[in-house]
Amino acid sequence: MAQQNQTCHYNESMGFFYNNIGADDKWDKTQLILVQVVGSLFCCFILVSNAMVIAAVITNKRFHYPFYYLLANLAASDFLAGIAYVYLMFNTGEVSRQLTVKGYFIRQGLLDISLSASLSNLLVIALERYISVMNWKVHSNLTKRRVTLLIVLVWAISILMGAVPSLGWNCICNLSDCSQLAPIFSRGYLVFWSASNLVVFLVMVAIYMRIYTYVKKKTSVLMPHTSGSINRKRTPIKLIKTVMVVLGAFVICWTPGLVVLLLDGLNCKSCNVMKLKRWLLLLAVLNSVMNPCIYSYKDEEMWTTFKNLMRCIGNGTRRQRSTKANARPLSSGQDTGTSHLPPEEIKNDDQRILKT
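Residues numbered from 1 in each chain as written. Predicted model: local features only at pLDDT ≥ 70, side-chain atom pairs only at ≥ 80, totals over all residues. Heavy atoms only, no water.

**Student:** Could you clarify how one ought to interpret the overall build of the protein in this entry?
**Tutor:** Each helix and strand counted, the protein has 13 helices and zero strands in total. The order of helices and strands in the protein, counted from the N terminus, is α-α-α-α-α-α-α-α-α-α-α-α-α. Taking all 356 residues of the protein together, 46% fall into the buried category. Across the protein, contacts joining residues at least 24 apart in sequence account for 80% of those joining residues at least 6 apart. Total accessible area on the protein is roughly 18500 Å²; 64% of this is exposed by carbon and sulfur atoms. (Helix = DSSP H or I, 4+ residues; strand = E, 2+ residues; numbered from the N terminus. Buried < 20%, exposed > 50% of the residue type's maximum accessible area, 1.4 Å probe, protein only. Contact = heavy atoms within 4.5 Å. Areas by Shrake-Rupley, 256 points an atom, 1.4 Å probe, with all protein chains shown as cover.)

Right, here's the structure in full:
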């Protein structure tokens, strides 16, 4: 045991591990500054836009359903991804070689947690959509307590997945097992990580293909008897289209990176994974930028709530400059960013569509 401890390198800087794998990952200074500036702008957009998604779900009573709570949790994972990207951008290049082992685990752990949270959220949303659609309902009957438990479970699993390398599945005591993309991560861990995520991708795609074919078949049967009401924007097919676009963007942006991680884990010498590293990371950042845009584009109610929130922020800023504002109460629409229809009317409307 003493001999094994002597071969561990916990006190070394990351430069030691980069030299061990012979990594040539140097950045041109101008290129690094450009990446940091552009990346910072993207990250600011990620943080602000996903914060608005969360605020929209909280303030608009039309979104007080399990699907939108889970969507808000997906936005929270993208928000964490924005923080992780900021930390990564300013701890890369030559700076990354000066990081301690603990600092590197934090850098990579934030990325792994955000990815695991996004993937887990998408899987839970897929199951929620499956339950609701098979019962031919716009929203499932999951209680707030169960949704809360699901959200807690998602983050517990994500934190565990992000912490696995720091808990021991690494190559600090076995330098011959170190990967190229993550110099202190074991190649076995990269194989497990990438393969499990790719399997989850396939499972989610299968679930949504089953949902989509079922809804299309059901819709074609009901269409002649509904006088067009089945095409309204608040039917199950509309929510499914939104989340399918989100899933498609996620798969497109993350699959290349996971495949490269898998090849690195399999110790592919001719794959030249280091050259692809930066571009694949940029593609991952783009995914977190796309999601809020998809929500607002595919869901008109979400976009309307965004505009109400921005109007409220603007009104609040102007009121701070005015001494007369204290005597002028806000309208109900400005307070909550909700539409004027009460929740009871919304629920009755849903039930009328489903009964038809």
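**Student:** Looking at this structure, I do not really get the state of the cysteines. What am I missing?
**Tutor:** Here, disulfide denotes a covalent bond that connects the sulfur atoms of two cysteines. Applying the stated criterion across every chain, the model contains two disulfides. The disulfide bridge from Cys8 ends at Cys173, spanning 1.8 Å between sulfur atoms. A torsion of 110° about the S-S bond marks the disulfide between Cys8 and Cys173 as right-handed. Of this pair, Cys8 sits in the loop between α1 (2-6) and α2 (14-21) while Cys173 sits in the loop between α7 (144-163) and α8 (187-222); the two residues are 165 residues apart in sequence, bridging distant segments of the chain. A relative accessible area of 16% places Cys8 in the buried class. (Disulfide = S-S within 2.5 Å.)

**Student:** Quick question: what am I supposed to make of the UniProt feature "transmembrane region" (unreviewed entry) in the protein here?
**Tutor:** Feature annotation in UniProt assigns "transmembrane region" (unreviewed entry) to the following positions: residues 33-58, 70-90, 110-127, 147-169, 189-209, 239-259 and 279-297. The straight-line gap between the two end C-alpha atoms of residues 33-58 is 37 Å; of that span, 100% is helix and 0% is strand. When the span residues 189-209 is considered, its composition is 100% helix and 0% strand, and the gap between its end C-alpha atoms is 30 Å. (UniProt positions renumbered as here; feature names shortened; annotations may be inferred.)

**Student:** Whenever I open this one, α2 confuses me. Can you help?
**Tutor:** Met14, Gly15, Phe17 and Tyr18 are the residues of α2 that are buried. Angular distribution of buried residues about the axis of α2 spans 160°; they occupy a single face of the element. On its buried side, α2 packs onto α5 (94-98), α6 (101-134) and α10 (273-298). One or two steps after α2, the chain reaches Gly22, where phi turns positive at roughly 65°. (Arc of directions from axis to C-beta.)

**Student:** Explain the side chain of Gln108 here, please?
**Tutor:** Looking at the secondary structure, you find Gln108 in helix α6. Side chain to side chain, Gln108 and Arg107 meet in a polar contact 2.9 Å long. If sequence neighbours within four positions are ignored, Gln108 has contacts with Leu88 and Phe185. (Polar contact = N/O pair within 3.5 Å; in protein donor to acceptor, adjacent residues only side chain to side chain.)

**Student:** Where do I start with the environment of Asp177 in this structure?
**Tutor:** Residue placement: Asp177 occurs in the loop between α7 and α8. Linking Asp177 and Gly188, residues 11 residues apart in sequence, is a C-alpha distance of 8.0 Å.

**Student:** In this structure, what is going on with a nonpolar patch on the surface? I would like to understand it.
**Tutor:** Together, Ile33, Leu34, Val37, Val38, Leu41, Phe42, Trp279 and Leu282 line one region of the surface with nonpolar side chains, adding up to about 790 Å² of accessible area. Looking at the nonpolar patch, the elements that each hand over two or more residues are α3 (29-59) and α10. Mapped onto the fold, Trp279 is located in helix α10. Residue classification places Trp279 among the exposed residues on the basis of a relative accessible area of 61%. (Patch = residues over 30% accessible without salt bridge, like charges linked within 9 Å, V, L, I, M, F, W, Y side chains within 5 Å. Salt bridge = Lys/Arg side-chain N within 4 Å of Asp/Glu carboxyl O.)

**Student:** Hey, could you run me through the packing of aromatic side chains in this one?
**Tutor:** Centre-to-centre distance and the angle between the planes together describe a pair of aromatic rings. One pass over the full model with this rule turns up 12 aromatic pairs. Taking 6.2 Å as the distance between ring centres and 25° as the angle between the ring planes, the aromatic pair formed by Phe105 and Phe185 counts as stacked. With a gap of 80 residues between them, Phe105 in helix α6 and Phe185 in the loop between α7 and α8 connect regions that are remote in the sequence. Overall, the relative accessible area of 14% leaves Phe105 in the buried class. Relative accessible area serves as the criterion here: at 3%, Phe185 is assigned to the buried category. Arranged with centres 5.5 Å apart and planes meeting at 70°, the rings of Trp169 and Tyr189 form a pair that is edge-to-face. (Phe/Tyr/Trp six-rings, centres within 6.5 Å; stacked < 30°, edge-to-face > 60°.)

**Student:** Where do I start with the nonpolar core in this structure?
**Tutor:** Across soluble globular proteins, you tend to see nonpolar side chains buried next to one another. Core analysis: the biggest nonpolar cluster contains 78 residues, and Tyr85 and Ile184 have the highest contact counts within it. Per-element accounting of this core gives the leading share, 13 residues, to helix α4 (residues 66-89). Setting aside residues no more than four positions away along its own chain, Tyr85 makes contact with Cys43, Ile46, Leu111, Trp254, Leu281, Ala284, Val285 and Ser288. (Core = buried A, V, L, I, M, F, W, Y, C linked by side-chain atoms within 4.5 Å.)

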